[in-house]
Amino acid sequence: MKRVYLAGPFFDDEQIDRIERLEEALTHNQTVSEFFSPRTEVHDEFEFGSPEWAEAIYKGDKDHLDPADVVVAVIDYDNEHVDPGTAWEIGYSEATQKPVILVKEKEGAINLMMSVPAHAVVTDVADIATYDFDELPASKWTGKAF
C-alpha cells in the first residue's frame, strides 16, 4: 500500500469539485494506505497571504511530499496555464524520482515537461479509485503536447 500526495489547484468551484472527487477516490482505493491533500491544510493561525502563512504552507506541503511514494497531480488547465504550485510539485517529484500520475479530465494538449516524465495519465477521476498504486501500471500521454 502506498502513501499518496495529491497535488492540484482548489481555487474555484470546478477545481474544488475535482479535488474532492479525487479525495473520495483515494479514500476508497485499496492500494492507498494514506494520502495528503494540501486543500485540508489552511493554517488559520496566520493571516492568509502573509509571509508566515506562506512559510507554513510550503513547509507543510513539502513535509508531506517528501515521504510520499506516489504523486497524483491534476493538470486541468485554466486556459493555457497549469497551476504553478502543482507544476512545482510535479517537478520536485520528478527530481526526487517519485512516480507522478497526471489527472487530466479536460480536453487539450499537455505541456511536454509534464507529459514526458509522467508515469501515467488518467482522464477520469473515477479511475483513481481502482488504480493499482502497488503495481503502478504505466500509460503514456498520446495526445498533443506543447
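Relevant structure appears above.
The structure reproduced in this document is the subject of the present report. Treat the numbers as computed from the prediction; the structure is a model and nothing was measured.

## Topic: empty space enclosed by the protein
Thinking step 1. By the definition in use, this model includes one cavity of 30 Å³ or more.
Thinking step 2. Estimates place the volume of the largest cavity at around 30 Å³.
Thinking step 3. Residue lining of the largest cavity: I90, E94, K98, V100, P117 and A118, and that is the complete set.
Thinking step 4. Looking at the lining of the largest cavity, its residues break down into four nonpolar, no polar and two charged.

## Topic: a nonpolar patch on the surface
Thinking step 1. A surface patch of nonpolar side chains, about 320 Å² in accessible area, is lined by L112, M113 and V116.
Thinking step 2. Tracing the backbone shows M113 in helix α4 (residues 112–115).

## A word on the sheet that holds strand β2 (residues 32–36)
Thinking step 1. Ordered in space as β2-β1-β3-β4-β5, the five strands form an open sheet in which the pairing is parallel. Edge positions in the sheet fall to β2 and β5 (120–122), since each has one partner strand and no second. Strand-to-strand twist in this sheet, taken as the mean axis angle between neighbours without regard to direction, amounts to 25 degrees.
Thinking step 2. As paired strands, strand β4 (residues 100–103) and β5 are joined by three bridges and run parallel to one another. If you follow V103 over to β5, its bridge partner there is V122.
Thinking step 3. With respect to the sheet, helix α1 (residues 13–28) is in contact with β1 (2–7), β2, β3 (70–74) and β4, its orientation differing from that of β1 by roughly 175 degrees.

What counts as what
Residues numbered from 1 in each chain as written. Predicted model: local features only at pLDDT ≥ 70, side-chain atom pairs only at ≥ 80, totals over all residues. Heavy atoms only, no water. 1 Å grid on protein atoms, 1.4 Å probe; cavity = no way out; pocket = protein on both sides within 12 Å on 5 of 7 lines; lining within 4 Å. Points joined across faces, edges and corners; volume = space filled by probe spheres on them. Nonpolar A, V, L, I, M, F, W, Y, C, P; charged D, E, K, R; others polar. Patch = residues over 30% accessible without salt bridge, like charges linked within 9 Å, V, L, I, M, F, W, Y side chains within 5 Å. Areas by Shrake-Rupley, 256 points an atom, 1.4 Å probe, with all protein chains shown as cover. Salt bridge = Lys/Arg side-chain N within 4 Å of Asp/Glu carboxyl O. Helix = DSSP H or I, 4+ residues; strand = E, 2+ residues; numbered from the N terminus. Pairing = 2+ DSSP bridges. Axes fitted to C-alpha atoms, helices over the stretch in contact; angles between N-to-C directions. Contact = heavy atoms within 4.5 Å.

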